[in-house]
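Chain and residue survey
Listed here are the chains, written in short residue letters.
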Amino acid sequence: MSNSKKINSALISVFYKDNLEPVIKKLNELGVTIYSTGGTLTFIENLGAPVKSVEGLTSFPEILGGRVKTLHPKIFGGILGRRELDTDVAQMEQHEIPTIDLVIVDLYPFEETLASGASEEDIIEKIDIGGISLIRAAAKNYNDVVIVSSRNDYSSLLNLLNEKNGSSDLADRKTFAAKAFAMSSHYDSAIFNYFNTTEQLPVLKNSFNGGTVLRYGENPHQKGVFYGDMDAMFEKLNGKELSYNNLLDVDAAVNLMADFTTEPTFAILKHNNACGVASRAKILDAYLDALAGDPVSAFGGILISNTEIDFETAEEIHKLFCEVVIAPSYSATALTLLKSKNNRIILVQKPVALPTKQIRTLLNGIVEQDKDSVSETAANLTLVTKVAPTEAQIKDLLFANKLAKHTKSNTIVIAKNNQLIASGTGQTSRVDALKQAINKAMAFGFDLKGAVMASDAFFPFADCVEIAHKVGIDTVIQPGGSIKDKDSIEYCDAKGMSMVFTGTRHFKH
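As a starting point, this report considers the structure included with it. In this text, all values refer to a predicted model and were calculated from it rather than measured experimentally.

Ranked by internal contacts, the top residues of the largest apolar core, which has 52 residues, are Ile 12, Leu 27, Ile 79, Leu 102, Ile 104, Ile 147 and Leu 157. The element that contributes the greatest number of residues to this core is helix 10 (residues 170–195), accounting for seven residues. Sequence-distant contacts of Ile 147, defined by excluding residues within four places in its chain, comprise Val 103, Ile 135, Ala 138, Ala 139, Phe 176, Ala 177 and Ala 180. Ranked by size, the runner-up nonpolar core spans 36 residues in total, among them Leu 256, Ile 302, Leu 398 and Leu 420.

See the structure below:
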């Protein structure tokens, strides 16, 4: 499937001209006839290469402030004409339409303009019309035409020109065409999402340019690819590449820590759930108390801090085998120490906005939902018992409630003094989740007297508050909303316990 074809003519009209010069010089060396417009025409002329204007070819000027430049039969005919079809060739000769064998065209920077906070007028002007049409036309006729739709492919084109002396094979052209359609579909998705910001249309368009092939998926027999801009999210300072499971844990860690912004906080996660979290005045103390929550599960875990990791903290972290460490920054000495283990992944988290939507595959389609962005404060709490929690207990209740939000359902979280004591995770019964948490806390020697309990959903019966009270827990936070809320409230009142409702359920499946 060689179907080699010589490149004799090219149309070049680009917004980004960096790294274009070597391509122009090579085309000139090969004797390729170049057509161009506007700024690109001037750029080529300044290089001293011969170039013909599109206006000269079409005998029609640019109009409407540059909105119409290349939309002309002599341009599109030269691209779309089928060289092996006699009727096409005859019509091109009749209308004096030259063949165009190479199209180098990129698109106006719509996404960049949108991200810059530009006015609506400027954003609309960056919706490319001529460029997208040229790209689609050239890609459609890949049998005869090479299409280069991104400056990222200039080097690939230059290699092709050098290696094949100005010719291209069908496989080359088809590869460039695939890249072109990927570019055009991504561009159109971005434009659609801009116009559909109020979600008038129940249509989902998500597009990512480029993907990172992972070592494997969740298990070695599964393939995995990450689509997204990891470099925009993190700076990787050390270690091997993130695996599929690493990414799941890192995602859980970053989302959890996004709810802890006021005090130095450290969290340790395993299988998407926190096994240790603490907020303290110093990050070292936060790490040590987070580790104390479950030093067994911490082995091989994901560590995250919302504050710079200093040398003292790094010394303690260095004693633990962990897969990933995440922080906004590291002291120089801390970084040197942490990097001494080659496979330890060290990430600097950048201040990037996280998505507000969540998407997952479901049955024969996908389902989308708003991200759970509710993080309760004291103002959201409704006292439902005769006894009210103290200020210190309210702080613990809110701390525990944040953790319940980020823990697999059904979950019960037990906390004390801004420290995760234990949690029951992913249980089919809320009672089982509570018993799991209690057993775990006792196994690590925690005194539950004065601890607080948080639940991600309401208590259908009074059994959970009864079990909690028997081990010393006397303060509870839950969403409320059960038809039997009264049973739990009455038990708390009878035992002198305090309980508050948030009114918001935080299931996580």
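The contact between helix 8 (residues 130–140) and helix 10 brings their axes to 9 Å, and the two run at 150°. Between helix 8 and helix 10 the crossing geometry is left-handed. Contacts from Ile 132, Ile 135, Arg 136, Ala 139 and Lys 140 of helix 8 reach helix 10 at Ala 177, Ala 180, Phe 181, Ser 184 and Tyr 187. Its residues assigned to classes, the contact of helix 8 with helix 10 shows seven nonpolar, one polar and two charged.

Looking now at the sheet that holds strand 13 (residues 301–305). Pairing within the open sheet is mixed, and its six strands lie in the order 10-15-14-13-11-12. Edge positions in the open sheet fall to strand 10 (234–238) and strand 12 (273–279), since each of these has one partner strand only. Across the sheet, the mean angle separating the axes of adjacent strands is 20° when strand polarity is ignored. Pairing geometry for strand 11 (residues 265–270) and strand 12, over six bridges, is antiparallel.

Basis of the calculations
- Residues numbered from 1 in each chain as written.
- Predicted model: local features only at pLDDT ≥ 70, side-chain atom pairs only at ≥ 80, totals over all residues.
- Heavy atoms only, no water.
- Core = buried A, V, L, I, M, F, W, Y, C linked by side-chain atoms within 4.5 Å.
- Buried < 20%, exposed > 50% of the residue type's maximum accessible area, 1.4 Å probe, protein only.
- Helix = DSSP H or I, 4+ residues; strand = E, 2+ residues; numbered from the N terminus.
- Contact = heavy atoms within 4.5 Å.
- Axes fitted to C-alpha atoms, helices over the stretch in contact; angles between N-to-C directions.
- Left-handed = near helix turned anticlockwise from the far one by under 90°.
- Nonpolar A, V, L, I, M, F, W, Y, C, P; charged D, E, K, R; others polar.
- Pairing = 2+ DSSP bridges.

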